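Structure at a glance
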Amino acid sequence: MRLSKIAVAAAVALASSAAFSQTIKIGFITSYSGLNGNLGPYMERAVRLYIKQHEKELPPGVKIELLTRDDTGPNPDKAKQLAQELIVRDKVDLLAGVIFTPNALAIAPLCTEAKVPFVIMNAGTSVITTRSPYLARTSFTLWQASYPLGQWAAKKFKTAYTLVSDFGPGHDSEEAFIKGFTEGGGKVLGSVRVPLQNPDWAAYMQRVKDAKPDVLKVFIPAGKTATAVMKNFSDLGLASAGIKLIGPGDITTDEELPNMGDVALGVLTVHHYSAAGDRPANKAFVAAWKKEFGANETPNFLSAGSWDGMDMIFQAIKAQKGKLDPDKTMEIFKAYRNPNSPRGPISIDPETRDIVQNEYLREVRKVAGGRVANVELETVATAVKDPWKELQKKK
Ligand code: PHB
């Protein structure tokens, strides 16, 4: 009698746990090798830290499985192949990650075809989110930082030269800055687009130096490329010629500041995230990061985009009690907002599925303990929707 009661209870428990057990599979694609391949872990760590802190909030029986894949840098063919395998073979519920624009663009049509929501946690060319209704972006667009940067710079400087990496985000950053700067009365003396990989820095920097602009505005992808720009700017005598270096925050990415050294001091940037931001939610984020990964480790803007992306994914999982429908998931993404992200208040624009966020003016300074940091000076623009899409609407 007793035994059979136990057996029945066990069978019921088994059946109910089977009924409520659900594994959400997330195909996570980023770069662990190739150009700036050290950046992938800044995204993956944020995702894993978020899951660790918040998995107890998941509906009972719901688990998350992260399938990580290396797209090997800006490599659209590889990214497409990985996404295809994750969708068809591994049957992921969601895709997430991706540093580079060409990779995000290559994946977008697959998301439409298979109805798989894709949370873009870095890639920043404006047009990306128009390529599939199953895309939502928790990172940024280059227009969001570079347009207000141009407007701000026009108040301080008369002439500028622009230098960008010759691919999507570089073109966006160039166009946005020039628009903001010239609308404010500034004059652009010249613009140069340099190869994404291994440009001949000496030749390009000399060209800028000869033009004698007040400022050089640069966009290159964050990571080791940013440190290369900084070193060449200094070594080739642009700093000593009195030219100011400015750009979106990609050029002073937080994790590279210790490698850049004193050349970075005084560089002014506009961006949505700094590890030195003193909002309580950011302090908690940075403290948790250091506790988990080491006292000398720092999150960067790729980490912030990934952290908030996971928060958005969690909202969708919780609201649907662990059973994800792609169209419902997208509706939840479109309504997402968080007044307390590490970067400040954020939301998703339901019309464009792009993030809405503040932009801060920052200066690289030495702070307590001799550390170098992107110190936020002021908020130059609040609740910024992707300016490029706003301009398209007016056309
Ligand atoms: C991009 O490819 O969209 C991209 C890459 C690196 C950045 C920003 C944007 O720092």
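Look up: the structure comes first, before these words.
Attention here is on the structure that accompanies the text. Since the model is a prediction, treat every value here as computed from it, not as a measurement.

1. Quick look at the sheet that holds strand β5 (residues 135-137)
- An order of β2-β1-β3-β4-β5 is seen for the five strands of this open sheet, with the pairing classed as parallel. At either margin of the open sheet sits one strand with a lone partner, and together these are β2 (62-70) and β5. Between one strand axis and the next, the sheet turns by 25 degrees as a mean value, whatever way the strands run.
- In this sheet, strand β4 (residues 118-120) lies alongside strand β3 (residues 94-97) in parallel orientation, the contact comprising three bridges. Bridged to Gly97 within β4 is Ile120.

2. Focus: the pattern of salt bridges
- Within the structure shown, the criterion is met by 20 salt bridges.
- Note that Glu297 and Arg45 form a salt bridge whose closest N and O atoms lie 3.1 Å from each other. Of the two residues, Glu297 is situated in the loop between α10 (280-293) and α11 (301-319) and Arg45 in helix α2 (residues 40-54); the sequence distance between them amounts to 252 residues.
- By relative accessible area, which is 26% here, Arg45 ends up partly exposed.
- The partner of Glu351 in a salt bridge is Lys393, and the shortest N-O contact between them spans 3.5 Å.

3. Focus on the site of the ligand
- As a structural note, the neighbourhood of the ligand is formed by 14 residues, with Phe100, Thr101, Gly124, Ala222 and Asp250 the closest of them.
- Here an oxygen atom of the ligand and a backbone polar atom of Gly124 are 2.8 Å apart.
- Residue Ala222 places a main-chain N or O atom 2.9 Å away from an oxygen atom belonging to the ligand.
- For the ligand, the accessible surface in isolation is 280 Å², of which the surrounding protein chains cover 99%.

4. Details of the pairing of strand β1 (residues 22-30)
- Pairing of β1 with β2 involves nine bridges; the strand directions are parallel. Bridge assignment links Lys25 to a residue of β2, and that residue is Glu65.
- Each parallel crossover has a hand, and the one from β1 via α2 to β2 is right-handed.
- Looking at chain direction, β1 and β3 are connected through four bridges and run parallel. Its bridge partner being in β3, Ile26 is matched across the sheet by Leu94.

5. Some remarks on unusual backbone geometry
- With a phi angle near 55 degrees, Lys91 is a residue other than glycine that sits in the positive phi range.
- Within the secondary structure, Lys91 sits in the loop between α3 (76-88) and β3.
- Positive phi values are uncommon outside glycine, yet Arg353 reaches one of about 60 degrees.
- Take Arg353: it is sitting in the loop between β12 (344-349) and β13 (354-366).
- When its relative accessible area of 12% is taken as the criterion, Arg353 is described as buried.

6. Structural notes on the environment of Pro387
- Inspection of the secondary structure assignment puts Pro387 in helix α13 (residues 387-394).
- Classification of Pro387 by relative accessible area gives buried; the value is 9%.
- The sequence separation of Pro387 and Ser146 amounts to 241 residues, and the corresponding C-alpha distance is 9.8 Å.
- Each residue touching Pro387, except ones within four places of it in the same chain, is listed here: Thr141, Trp143, Gln144 and Tyr147.

Rules behind the numbers
The residue numbers shown here count from 1 along each chain, following its written sequence. In keeping with the model being predicted, local features are shown solely for residues with a pLDDT of at least 70 and side-chain atom pairs are shown and tallied solely at 80 or more, while totals for entire chains, interfaces and linings include all residues. The basis for every side-chain value is the complete set of non-hydrogen atoms in the structure, without hydrogens or water. Any two strands with at least two DSSP-identified bridges between them are counted as paired. Secondary structure elements are taken from DSSP: a helix is a run of H or I of four residues or more, a strand is a run of E of two residues or more, and numbering for both begins at the N terminus. All axes are obtained by fitting lines to C-alpha atoms, using only the stretch in contact for helices, and the reported angles, taken between N-to-C directions, cover 0 to 180 degrees. Salt bridge, as used here: a side-chain nitrogen of Lys or Arg that lies within 4 Å of a carboxyl oxygen of Asp or Glu. Residue exposure (1.4 Å probe, protein chains only): buried if accessible area is under 20% of the type maximum, exposed if over 50%, otherwise partly exposed. The near set for a molecule or strand comprises every residue that places at least one heavy atom within 4 Å of it. A 3.5 Å cut-off defines polar contacts: any pair of N or O atoms within that distance qualifies, except that in protein one atom must be a possible hydrogen donor and the other a possible acceptor, and neighbouring residues in sequence count only when both atoms are side-chain atoms. Methods summary: accessible areas were calculated by the Shrake-Rupley approach with a probe of 1.4 Å, and residue burial reflects only the protein chains presented. The path from the first strand over the helix to the second decides the hand: if it runs clockwise while the strands point away from the viewer, the crossover is right-handed. Only heavy atoms enter the contact rule, under which two residues are in contact if any of them lie within 4.5 Å.

Function cannot be inferred from these measures alone, as they are strictly geometric.
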